[in-house]
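# Analysis of the macromolecular model
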Amino acid sequence: MIIRQEENRIILEGVKCLDLPLTLDCGQAFRWEEREDGSWSGVAFGKLLNIKKDGERFILKTTPEDFDAVWRGYFDLDRDYAAICERLKRDPLVSSTIDEYYGIRILNQEPWEALVSFIISQQNNIKRIKGIINRLCRAYGAEVADGWYSFPDAETLSALSVEDFEALGAGYRSKYLKRLADSVSQGIIDLEKIKKMNLAEARAALLGIYGVGIKVADCALLFGFRFLECFPVDVWMKRVLEFYPNGLPECFKGYEGVAQQYLFHWARNNLK
């Protein structure tokens, strides 16, 4: 990967396996919007980014400091995704899926935002999830740019009532969000400590949180806690697993979550 700075932009060349629509609009993150010029804008870790693919280059409107501190890790740019995909392609089903949908990456989101987002995602569709999160950020986040807001922290949300969450459209999930915000702000739940656990320990810790089931826990672990070996299972993935009666293939080991994203995308487009 070659990194160059041009005025207020970072130019990346030689980045393999990064498709912006497939990565930013696949249901792992909920705060990215496609612009009229084909670029994507979003906020993560309190920073705004606009990113666009221009031929073989990626143009990021950001500072060198924010690129190094946030976006390099957020897009996992130092991981060899091309090599991961070649390994996963030892499996015939994933091989054809990668060929068709090449470029899906796992975003390294902030654990708190990921956990809150996937609690909101329960029994919900992507349009409604985005709407609730957008209202949450506009009402209680800090404005980082014109019309763009940070994700509110646990201390801020702890000051809210269940009724405040309900007013945002969170429904029955409101009581889960209130209890979570209280527990994190009071130090009862330590998300950074969970991030340092092994997968089994981290999953058990998240499952001990009021309102968090196995699907929410595994999605948060994969997309917010950097457990690439985590393999969330929903209705679509239960159908996919019928193709693997003897369990997941050995070539998935360590990167089950990457394989899951390809299989999930394939299932939504091919299994009716």
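We now turn to the structure provided with this report.

## A closer look at the pattern of salt bridges
For side chains bearing opposite charge, pairing can occur when the charged atoms are close. Counted by the stated rule, this structure contains 13 salt bridges. Residue Arg4 pairs with Glu6 through a salt bridge whose shortest N-O separation is 2.7 Å. Arg4 gets classed as partly exposed once you look at its relative accessible area, which sits at 29%. A salt bridge links Glu33 to Arg35, with the shortest nitrogen-to-oxygen separation between them at 3.0 Å. Among the charged side chains, a network of salt bridges with common partners joins Arg4, Glu6, Arg9 and Glu13.

## Topic: empty space enclosed by the protein
Enumeration according to the criterion identifies one cavity of 30 Å³ or more in this entry. Here the residues of the lining of the largest cavity sort into seven nonpolar, one polar and three charged.

## Structural notes on the layout of surface pockets
By rolling a water-sized probe across the atoms, one finds the places where empty space is left. Counted as a void, the largest pocket has a volume near 530 Å³. Lining the largest pocket are 24 residues, with Ser121, Lys215, Cys219, Asp234 and Phe264 sitting closest to its centre. Listing elements by their share of the lining of the largest pocket, those giving two or more residues are helix H6 (126-140), helix H12 (214-224) and helix H14 (256-270). Among the residues making up the lining of the largest pocket, the classes are represented as twelve nonpolar, nine polar and three charged. When its volume is computed, the second largest pocket comes out at roughly 250 Å³. Around the second largest pocket, the lining comprises 14 residues; the ones closest to its centre are Phe30, Arg31, Glu33, Asn134 and Trp148. For the lining of the second largest pocket, the elements supplying multiple residues, two or more each, are strand S3 (32-34), H6 and strand S8 (148-149). Looking at the lining of the second largest pocket, the element that brings in the most residues is H6, giving six residues. Looking at the lining of the second largest pocket, its residues break down into six nonpolar, three polar and five charged.

Criteria and thresholds
Residues numbered from 1 in each chain as written. Predicted model: local features only at pLDDT ≥ 70, side-chain atom pairs only at ≥ 80, totals over all residues. Heavy atoms only, no water. Salt bridge = Lys/Arg side-chain N within 4 Å of Asp/Glu carboxyl O. Buried < 20%, exposed > 50% of the residue type's maximum accessible area, 1.4 Å probe, protein only. 1 Å grid on protein atoms, 1.4 Å probe; cavity = no way out; pocket = protein on both sides within 12 Å on 5 of 7 lines; lining within 4 Å. Points joined across faces, edges and corners; volume = space filled by probe spheres on them. Nonpolar A, V, L, I, M, F, W, Y, C, P; charged D, E, K, R; others polar. Helix = DSSP H or I, 4+ residues; strand = E, 2+ residues; numbered from the N terminus.

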